[in-house]
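# Tertiary structure, described
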Amino acid sequence: QSGYYNSNTRQQAQTPSQPQRTPASRGNRKYTIVVDPGHGGHDSGARGTGYNEKDIALQVATRLANNLRRDYNVIMTRDSDFFVVLSERPKIGNKNKAALFVSVHANASDNKSANGVEVFYFSKKSSPYAERIANFENSIGEKYGDSSDKIIQISGELAYKKNQENSIRLAKKIVENIADRLEMRNGGVHGANFAVLRGFNGTGVLIELGFVSNSYDAEILVDAASQQKMAEEIAKSIREYLTR
């Protein structure tokens, strides 16, 4: 169910009114941005302390999209609780010649003390930790018959290096801004072989907003005011990146 009530100190987080599924009017706007709320429908994503990743991702992503539409063309890969196969998500960005692909997620761990915001970019090499996170997200495609192995890197080596450099720069802005504004642990920037980023030909990041399995993070993740702050910080980071 979208919308939660966590405690007397936090508001009930409701998914903001949903945008239409058609892309925003092109007009004279220079950039198109794809906002990708992770999981959806029968795929709940990570679970912890009574919350589903898919709902948190949609709530924050919708707020983000609404903010970005002031200045950019924005396309959401999903705008309500339905499932989009992994391979289709980056294709939406490529088809619309998007400048950025921003995938919104929340993390979970058996270690209840694990906490903090982390941002990932596509890399062929990764640390054991980043590899575990990517393997979980990539396994969703396998679970629903859409193998992540079918999602290939379409950019050449020079473009791959440039996209990686740009993605790291954006990722650093996002993780620093969210951690500072929300008083969360800065879990840093990591490179990993995320299929959803591998398939996009451009700057792409995957944001793990926090851990639904951690009580401190979860209270922030399901709070409407905190979700709005997260969306504002991501949008601010994107504007800084695009106007560099």
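Here the structure is shown first, and the text comes after it.
What comes next concerns the included structure. (Residues numbered from 1 in each chain as written. Predicted model: local features only at pLDDT ≥ 70, side-chain atom pairs only at ≥ 80, totals over all residues. Heavy atoms only, no water.)

Where helix α1 (residues 53-68) contacts helix α7 (residues 224-242), the axes come no closer than 8 Å and their chain directions differ by 45 degrees. By the angle between their directions, the pair α1 and α7 is classed as oblique. You can see that α1 and α7 cross each other, and the crossing is right-handed. Across the interface between the two elements, Q59, V60, R63, L64, N67 and L68 of α1 pack against A224, Q227, Q228, M230, A231, E232, I234, A235, I238 and R239 of α7. By residue class, the composition of the contact of α1 with α7 is nine nonpolar, four polar and three charged. (Axes fitted to C-alpha atoms, helices over the stretch in contact; angles between N-to-C directions. Helix = DSSP H or I, 4+ residues; strand = E, 2+ residues; numbered from the N terminus. Parallel < 35°, antiparallel > 145°, perpendicular 65-115°, else oblique. Left-handed = near helix turned anticlockwise from the far one by under 90°. Contact = heavy atoms within 4.5 Å. Nonpolar A, V, L, I, M, F, W, Y, C, P; charged D, E, K, R; others polar.)

Attention now goes to the sheet that holds strand β5 (residues 100-107). Here six strands make up an open sheet; going across it, the order is β4-β1-β5-β8-β6-β7 and the pairing mixed. The two strands at the open ends of the sheet, each matched to only one other strand, are β4 (73-76) and β7 (186-192). Going from strand to strand, the sheet's axes swing by 20 degrees on average, the running direction of each strand aside. Where strand β1 (residues 32-37) and β4 come together, four bridges link them in parallel fashion. Residue V35 lies in a different strand from β4, and its bridge partner there is M76. Contacts from helix α2 (residues 88-95) reach β1, β4 and β5 within the one sheet, and its direction differs from that of β1 by about 170 degrees. (Pairing = 2+ DSSP bridges.)

The α-helix winds at 3.6 residues per turn, so residues separated by three or four positions along the chain end up facing the same way. Three or more residues of α2 are buried, namely R89, P90, I92 and G93. Summarising the axial view, the buried residues of α2 lie within an arc of 150 degrees, below the 170-degree limit, and thus occupy one face. The inward-facing, buried residues of α2 abut β1, β4, β5 and α5 (195-198). Phi for K97, located one or two positions after α2, is positive at around 50 degrees. (Buried < 20%, exposed > 50% of the residue type's maximum accessible area, 1.4 Å probe, protein only. Arc of directions from axis to C-beta.)

The N-to-C vectors of helix α4 (residues 157-182) and α7 enclose an angle of 145 degrees; their axes lie 9 Å apart at closest approach. In this structure, α4 crosses over α7, and the sense of that crossing is right-handed. On α7, the residues that touch N166, R169, L170, K173, I174, N177, I178, R181 and L182 of α4 are S226, K229, M230, E232, E233, I234, K236, S237, I238, E240 and Y241. Considering only residue class, the contact of α4 with α7 consists of eight nonpolar, four polar and eight charged.

On to unusual backbone geometry, then. Residue H39 is not a glycine yet carries a positive backbone phi of 65 degrees. As for its placement among the helices and strands, H39 is situated in the loop between β1 and β2 (47-48). Phi is positive for E183, close to 55 degrees, though the residue is something other than glycine. Here E183 lies in the loop between α4 and β7. By relative accessible area, which is 61% here, E183 ends up exposed.

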